[in-house]
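Okay, here's what each chain looks like letter by letter:
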Amino acid sequence: PVTPGPLLEVRGVSKRFGGLVAVDNADLTVERGSITALIGPNGSGKTTLFNLITGNMPVDSGTITFNGKRIEKLAPWTRGHLGLGRTFQVTRLFKDMTVLQNVVAPLPDGRLRTMFADAVSGHEAARARDLLGVVGLARFADQRAGELSYGQQKLVELAQVLMLSPELILLDEPAGGVNPSLLGRLTGVIRELNQAGVTFLVVEHNIPLVLDLCDPVHVFARGSCIASGPPQQIREDPVVLDAYLGD
Ligand code: ADP
């Protein structure tokens, strides 16, 4: 049974670093089945908000509700277990391990299995190979992760996140540093996963890509959301143009 209401609801969340208010009484809603974008200038608090949602940092105040359950005080791996997955701005693969070993590295509780990746079950390895197929990298399964291009490594990280069957995936700059020839594959994979029922929240600086892929788009400035709407509307919003797209 599906819990009624949005999949993710951030309400009045704040985070300070000393005297700096990085996230300021922010609200954000992610509807089930959407590919929701979070855009905004550098330093506007997007990555900090991601860290608060995933539990990599504690909130100072406010509530975060995922699937009808309050999560803002839960440990990151507990949130992972509930169906919240994320990728990082800079990939965190084990470069000397194979691609397949990297995909099976996350344990069900969200921690990484570093030393025992050789000892994975046949079932897990088969699932990891399937997921590498989903991201179009099946033929690289037994290659060292460090030998792949940066964009391919980002796709490996996506397969790694998928091992835990998340309902919501937070993507931190998925297109950053990715070779243009791989961008089409990346957006294609995100769309396919979305069709299969995965919801996404995406922080991304490539605005044309965001406007093409995401709906709705939330615009952050100085720690909170200043505009939200479908991409066609955001593209023409004078407040957005002034705060962000114009500079
Ligand atoms: P964005 O992802 O939108 O570029 P960030 O969330 O990274 O913005 O940063 C928001 C603000 O918080 C910036 O001024 C940044 O310098 C500051 N900040 C982020 N993380 C930390 C931290 N761990 N300690 C101190 N200041 C931080």
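Residues numbered from 1 in each chain as written. Predicted model: local features only at pLDDT ≥ 70, side-chain atom pairs only at ≥ 80, totals over all residues. Heavy atoms only, no water.

1. Here's the deal with the overall build of the chain
Here is the rule we go by: Numbered from the N terminus, helices here are DSSP runs of H or I no shorter than four residues, and strands are runs of E no shorter than two. In this treatment the radius of gyration is a C-alpha quantity, and the globule benchmark scales as 2.2 Å times the residue count to the 0.38 power. Whether a residue is buried, partly exposed or exposed follows from its accessible area with a 1.4 Å probe, protein chains only, as a fraction of its type maximum: under 20%, in between, or over 50%, in that order. In what follows, a contact means two residues having at least one pair of non-hydrogen atoms within 4.5 Å. Only four residue types enter the tally: Lys and Arg on the positive side, Asp and Glu on the negative side; His and the chain ends are excluded. Positions of charges follow a simple convention, taking NZ of Lys, CZ of Arg, CG of Asp or CD of Glu.
From N to C terminus, the chain includes nine helices and ten strands. Computed over the C-alpha atoms, the radius of gyration of the chain is 18 Å, within 12% of the 18 Å expected from 2.2 N^0.38 for a compact globule of 247 residues. Dimensions of the chain, computed from C-alpha atoms along their principal axes, come out at roughly 50 × 40 × 40 Å. Counting all 247 residues of the chain, 51% fall into the buried class. A separation threshold of at least 6 residues defines the contact pool for the chain, and within that pool the share at least 24 residues apart is 67%. With 23 positive and 25 negative side-chain charges, the chain shows a separation of 5 Å between the mean positions of the two kinds.

2. Considering the side chain of Gln101
Inclusion rule: The definition of a polar contact used here is a pair of N or O atoms within 3.5 Å, where within protein one atom must be able to donate a hydrogen and the other to accept one, and adjacent residues in sequence count solely through side-chain atom pairs.
By secondary structure assignment, the location of Gln101 is in helix α3 (residues 99-104). Within the structure, the side chain of Gln101 is placed 2.9 Å from the backbone nitrogen of Thr98, a separation counted as a polar contact.

3. What to know about the domain arrangement of the chain
To be explicit about the condition: Domain delimitation follows an automatic or database domain assignment.
Along its sequence, the chain is organised into domain 1 (1-83 + 168-175 + 198-247) and domain 2 (90-165). Centre-to-centre, using C-alpha coordinates, domain 1 lies 26 Å away from domain 2.

4. Remarks on the site of the ligand
What counts is decided by this rule: Any residue with a heavy atom positioned within 4 Å of a molecule or strand is treated as near that molecule or strand. Method for areas: the Shrake-Rupley scheme with a 1.4 Å probe, in which residue coverage is limited to the protein chains shown. Each residue is assigned to one of three groups, with Ala, Val, Leu, Ile, Met, Phe, Trp, Tyr, Cys and Pro labelled nonpolar, Asp, Glu, Lys and Arg labelled charged, and all others, Gly among them, labelled polar.
In the vicinity of the ligand, the contacting residues are Phe17, Leu20, Ala22, Pro41, Asn42, Gly43, Ser44, Gly45, Lys46, Thr47 and Thr48. Here an oxygen atom of the ligand sits 3.2 Å away from a polar atom, N or O, in the main chain of Ser44. In the model, an oxygen atom of the ligand is placed 2.8 Å from a nitrogen or oxygen of the Lys46 side chain. About the coverage of the ligand: the protein hides 60% of its 570 Å² of free accessible area. For the shell around the ligand, the secondary-structure elements that each account for two or more residues are β2 (20-30) and α1 (46-54). Looking at the shell around the ligand, its residues break down into four nonpolar, six polar and one charged.

5. Thoughts on unusual backbone geometry
Following Asp215, the chain continues to Pro216 via a peptide bond in cis, the omega torsion being 5°. In this model, Asn67 sits at a positive phi of 55°, which is unusual for a non-glycine residue. One can find Asn67 in the loop between β4 (61-66) and β5 (69-70). Residue classification places Asn67 among the buried residues on the basis of a relative accessible area of 19%.

6. Quick notes on the nonpolar core
Note the cut-off: Grouping buried Ala, Val, Leu, Ile, Met, Phe, Trp, Tyr and Cys residues that are joined through side-chain atoms within 4.5 Å yields what is termed a nonpolar core.
One finds Leu132, Val135, Leu137, Ile169, Phe200 and Cys214 to be the most contacted residues of the largest nonpolar core, which totals 49 residues. Mapping this core onto the domain boundaries places at least three of its residues in each of domain 1 (1-83 + 168-175 + 198-247) and domain 2 (90-165). Residues in contact with Leu137, not counting those within four places in the same chain, are Leu132, Leu148, Gln152, Leu155, Val156 and Arg185. Membership of the second largest hydrophobic core comes to 23 residues, among which are Leu8, Val23, Ile71 and Phe220.

7. Details of the environment of Ala138
By the element assignment, Ala138 lies in the loop between α4 (122-134) and α5 (150-162). For the pair formed by Ala138 and Asn206, sequence separation is 68 residues and the distance between their alpha carbons is 27 Å. Apart from residues no more than four positions distant in its own chain, Ala138 is found in contact with Leu132 and Gly133.

8. Some thoughts on the side chain of Thr48
Along the polypeptide, Thr48 turns up in helix α1. Take Thr48: its relative accessible area is 12%, and that puts it in the buried class. Apart from residues lying up to four places away in sequence, Thr48 is in contact with Lys15, Phe17, Ala22, Val23 and Met57.

9. Comments concerning the pattern of salt bridges
Using the following cut-off: Salt bridges are counted wherever a side-chain nitrogen of Lys or Arg sits within 4 Å of a carboxyl oxygen of Asp or Glu.
Under the counting rule described, the total for this entry stands at ten salt bridges. Among the ionic pairs, Arg11 bridges to Glu9, the shortest N-O distance being 3.0 Å. With its nearest N and O atoms 3.3 Å apart, the salt bridge here joins Arg129 to Asp142. Remark: Asp142 occurs in the loop between α4 and α5 and Arg129 occurs in helix α4; sequence separation between them is 13 residues. Taking the relative accessible area as the measure of exposure, Asp142 reaches 55% and is therefore exposed.

10. So, the sheet that holds strand β7 (residues 168-172)
As a reminder of what qualifies: For two strands to count as paired, DSSP must find a minimum of two bridges between them. Orientation is described by axes fitted as lines to C-alpha atoms, over the contacting stretch for helices, and by angles from 0 to 180 degrees between their N-to-C directions.
Reading across from one edge, β6-β7-β8-β3-β9-β10 is the order of the six strands in this open sheet, with mixed pairing throughout. Taken across any chain shown, the strands that pair with only one partner, and hence form the sheet edges, are β6 (84-86) and β10 (224-229). With strand direction ignored, the average angle separating the axes of adjacent strands in the sheet is 20°. Across three bridges, β6 lies against β7 in parallel orientation. Across the sheet, Gly85 pairs through a bridge with Ile169, a residue of β7. Sheet contacts for α1: β3 (35-39), β6, β7, β8 (199-203) and β9 (217-221); angle to β7, the most-contacted strand, approximately 150°.

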